[in-house]
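Listed below, chain by chain, are the residues.
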Amino acid sequence: MMSQTPTGRSARLEDVAALAGVSLATASKALHNKPRISDDTKQRVLDAARQLNYSPNKLAQSLARGTSGLIGLVTSDLQGRFSTPILIGAENELRAQSTSVLLANARGDVALERQHVEKLLSLKVDGLLIVQRETNPRPSLGQDWGVPLVYVYGPSTDTNDCSVTCDNVDAGRMAVNHLISCGRRHIAIIGGDETYTAATDRTKGALEALAELGIQPAGPIRYGKWAEEWGRAATRLLLDQGVQFDAVVCQSDQLARGCIDVLKQQGLAIPDDVAVIGHDNWSVLTSGSRPSLTSIDNETEAIGRRAARYLMDAIDGNPHHGVDYVPCRLIQRESTLPLD
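Calculation criteria
Residues numbered from 1 in each chain as written. Predicted model: local features only at pLDDT ≥ 70, side-chain atom pairs only at ≥ 80, totals over all residues. Heavy atoms only, no water. Salt bridge = Lys/Arg side-chain N within 4 Å of Asp/Glu carboxyl O. Helix = DSSP H or I, 4+ residues; strand = E, 2+ residues; numbered from the N terminus. Buried < 20%, exposed > 50% of the residue type's maximum accessible area, 1.4 Å probe, protein only. Phe/Tyr/Trp six-rings, centres within 6.5 Å; stacked < 30°, edge-to-face > 60°. Core = buried A, V, L, I, M, F, W, Y, C linked by side-chain atoms within 4.5 Å. Domains from an automatic or database assignment. Polar contact = N/O pair within 3.5 Å; in protein donor to acceptor, adjacent residues only side chain to side chain. Pairing = 2+ DSSP bridges. Contact = heavy atoms within 4.5 Å. Axes fitted to C-alpha atoms, helices over the stretch in contact; angles between N-to-C directions. Buried area = accessible area lost by both parts, 1.4 Å probe. Nonpolar A, V, L, I, M, F, W, Y, C, P; charged D, E, K, R; others polar.

### Topic: the pattern of salt bridges
- Considering all chains together, one arrives at 14 salt bridges under this definition.
- Where R95 meets E91, a salt bridge forms, and the shortest distance between an N and an O atom there is 3.3 Å. In this pair, R95 and E91 both sit in helix α5 (residues 83-96), four residues apart, roughly one turn of the helix.
- For R95, a relative accessible area of 52% gives the class exposed.
- We note a salt bridge from R202 to D280, for which the minimum N-O separation is 2.9 Å.

Rendered as structure tokens:
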């Protein structure tokens, strides 16, 4: 509960200064940890603030720093299943720092994205989060905006920029290592759309994990649309060509659902005969699958939180550079139980 002064109102900075026996300017400097104040004076001010339970006014702090307490967030896909948890993570992190978010949807339009950036800057935002719907690298918007930018999910191609995305190479490695730990050795891979770095990165990690054990993938790796239809078609190709496999890495949960459909139609038990793992951990698919689907979570909410934290660091004068890859997370369910 906020302490009251003798007049019954909440404590103000002048009350802290009076109790500590210092000027308003000195009290403000002490509370903001500014230099050229003795340790004894600083401690007196801090003790007085604690005694009065004084909470600095956020608007006054922003004005003193020359900042607005506003962040702009431009997303390419407002309702996307990857974008939404990123937005939630970023907003939660910023709210914890008493910072408000102004949101704009560019709808995947490059020109509209730039217009939104310019509009948000006219509203005096302190920095910008630029969120993409996929992990493909994207061109930088440049360095001349006067405020820091952080690129989220789709990293900037400029290493001077700060970008945060998920580690899809490690996700591919994680999927294979999990199947190996379940006793599988004949592992097929069904790829997604090859124009997405998510597909090629996941393949790279999966092949690295297999190579470390001296194992080749079961059958050829084929790429297609991120759709159940391609998951079904690719699985039929494996079966029709007589490929021997006891596990399948599917590079999305849609592909995994299609794969499971065909395996069950062929009378194969999952996971007893064939273990199946997906990517993206899309709850609508993983929980609705029978059996429930093991998947790799992209940790999109954590990506949003970290990107927001890095943006606040840059606003405070401590910018990050390059791409930070957030580790993905395995969520084991019934489709990959270990062999007895």
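### Here we look at the packing of aromatic side chains
- The tally for this structure, following the rule as stated, stands at two aromatic pairs.
- Seen from their ring centres, Y196 and W226 are 5.9 Å apart, and the 90° between their planes marks the pair as edge-to-face. A residue pair is termed long-range when its members are at least 10 positions apart, and Y196 in the loop between β6 (187-191) and α8 (197-212) and W226 in the loop between β7 (222-223) and α9 (228-240) qualify at 30 residues.
- On the accessibility criterion, W226 (21% relative accessible area) is partly exposed.

### What about the nonpolar core?
- In this structure, L129, V150, V152, V176, I187 and V249 are the most contacted members of the largest nonpolar core, which totals 40 residues.
- Counting the residues that make up this core, at least three belong to each of domain 2 (68-166 + 299-328) and domain 3 (168-298).

### Some thoughts on the environment of T195
- Mapped onto the elements of the fold, T195 is located in the loop between β6 and α8.
- The exposure class assigned to T195 is exposed, which follows from its relative accessible area of 60%.
- Spatially, the C-alpha atoms of T195 and K225 are 9.9 Å apart, while their sequence positions differ by 30 residues.
- Within polar-contact distance, the side chain of T195 engages the side chain of D193 at 2.8 Å.

### Examining the sheet that holds strand β10 (residues 294-297)
- An order of β7-β6-β8-β9-β10-β12 is seen for the six strands of this open sheet, with the pairing classed as mixed. One side of each edge strand has no neighbouring strand; the edge strands of this open sheet are β7 and β12 (329-331).
- Relative to β7, β6 is paired through two bridges, and the arrangement is parallel. Counterpart to I190 in the pairing with β7 is R222.
- Relative to β6, α9 is tilted by about 145°, and along the sheet it contacts β6 and β7.
- Lying over the sheet, helix α10 (residues 253-265) contacts β6, β8 (247-250), β9 (275-279) and β10, oriented at roughly 160° with respect to β9.

### Concerning the domain arrangement of the chain
- Under the domain assignment used here, the chain contains domain 1 (10-46), domain 2 (68-166 + 299-328) and domain 3 (168-298).
- The straight-line distance from the C-alpha centre of domain 2 to that of domain 3 is 31 Å.
- Taken together, the 12 residues of domain 2 in the interface contact 13 residues of domain 3.
- In terms of surface lost to domain 3, no three residues of domain 2 exceed R81, N136 and C328, which account for 51% of the buried area on that side.
- At the boundary of domain 2 and domain 3, one finds seven residue pairs in polar contact (both at pLDDT 80 or more).
- Here the side of domain 2 that touches domain 3 is built from residues that sort into six nonpolar, three polar and three charged.

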